[in-house]
Amino acid sequence: QVQLVESGGGLVHAGGSLRLSCAASERTTWVIGWFRQAPGKEREFVATLTWNGGSLYYADSVKGRFTISADNAKNTVYLQMNSLKPEDTAVYYCAAGSSTPYYSTEAYNYWGQGTQVTVSS
């Protein structure tokens, strides 16, 4: 059972930056990444990577603004979010899994508790 603990959410003005962290209890899944869920909306894919560093994937809505990275020595994945927009406001969830497709919630077996990101206009 993989435990995921997120941190780093908060309130920021539009155009600002935040960095989310997700510490995993073990690195036994193939991919680890981030989803988000805004009020009244479905949970959506944001970004993911393979632990071996071979592949990175981003949602079109965040390409060029968000960067996902990992520190394998710490079993931690990061999401650097720049040029934030009010529409980025959501609860951000860290997720880990070993299935496909990488952009589907069904590919992920383990989820963190979520961290709130609020971007004011």
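Cut-offs used in this document
- Residues numbered from 1 in each chain as written.
- Predicted model: local features only at pLDDT ≥ 70, side-chain atom pairs only at ≥ 80, totals over all residues.
- Heavy atoms only, no water.
- Helix = DSSP H or I, 4+ residues; strand = E, 2+ residues; numbered from the N terminus.
- Rg over C-alpha atoms; globule rule 2.2 N^0.38 Å.
- Buried < 20%, exposed > 50% of the residue type's maximum accessible area, 1.4 Å probe, protein only.
- Contact = heavy atoms within 4.5 Å.
- Disulfide = S-S within 2.5 Å.
- Core = buried A, V, L, I, M, F, W, Y, C linked by side-chain atoms within 4.5 Å.
- Phe/Tyr/Trp six-rings, centres within 6.5 Å; stacked < 30°, edge-to-face > 60°.
- Lys NZ or Arg CZ within 6 Å of the ring centre and 35° of its normal.

Here we come to the overall build of the chain. Of the regular secondary structure elements, the chain holds zero helices and eleven strands. In the chain, the succession of α and β elements from N to C terminus is β-β-β-β-β-β-β-β-β-β-β. At 13 Å, the chain has a C-alpha radius of gyration in line with the 14 Å of a compact globule built from 121 residues. The principal-axis extent of the C-alpha atoms belonging to the chain is close to 40 × 30 × 25 Å. By the burial criterion, 44% of the 121 residues in the chain qualify as buried. A fraction of 56% describes how many contacts in the chain between residues 6 or more apart in sequence connect residues 24 or more apart.

A word on the state of the cysteines. Under the criterion given, the structure shown has one disulfide. Between the sulfur of Cys 22 and that of Cys 94 lies a disulfide, 2.0 Å long from S to S. Looking down the S-S bond of the Cys 22 and Cys 94 bridge, the torsion is -80 degrees, so its handedness is left-handed. Taken together, the residues Cys 22 in strand 3 (residues 18-24) and Cys 94 in strand 9 (residues 90-97) connect sequence positions 72 residues apart.

Counting 34 residues, the largest nonpolar core has Ile 32, Trp 34, Leu 79, Met 81 and Tyr 92 as the members making the most contacts within it. At the level of secondary structure, the elements contributing two or more residues to this core comprise strand 3, strand 4 (31-37), strand 5 (44-50), strand 7 (66-71), strand 8 (76-81), strand 9 and strand 11 (115-120). Tallying contributions element by element places strand 9 first for this core, with five residues. The residues touching Tyr 92, leaving out its near neighbours within four places in the chain, are Glu 6, Leu 20, Trp 34, Phe 35, Arg 36, Val 46, Phe 66, Leu 79, Met 81, Gly 114, Thr 115 and Val 117.

For the rest of this paragraph, the subject is the packing of aromatic side chains. Applying the stated criterion across every chain yields a total of seven aromatic pairs. Seen in terms of ring centroids, Phe 35 and Phe 45 are 5.7 Å apart; in terms of plane orientation they differ by 70 degrees. Their pairing is edge-to-face. Linking Phe 35 in strand 4 with Phe 45 in strand 5, this pair joins segments that are ten residues apart in sequence. One exposure class covers both Phe 35 and Phe 45, and it is buried. Look at Tyr 102 and Tyr 103: their rings are 5.3 Å apart centre to centre, the planes differ by 85 degrees, and that puts the pair in the edge-to-face class. Three or more aromatic residues link up through ring pairs in this structure, and these residues are Phe 35, Phe 45, Tyr 57, Tyr 102, Tyr 103, Tyr 108 and Trp 111. The ring of Trp 51 carries the charged tip of Arg 27 above its face, separated from the ring centre by 5.7 Å. Seen from the ring of Tyr 93, Arg 43 lies directly overhead, with NZ or CZ sitting 3.7 Å from the centre.

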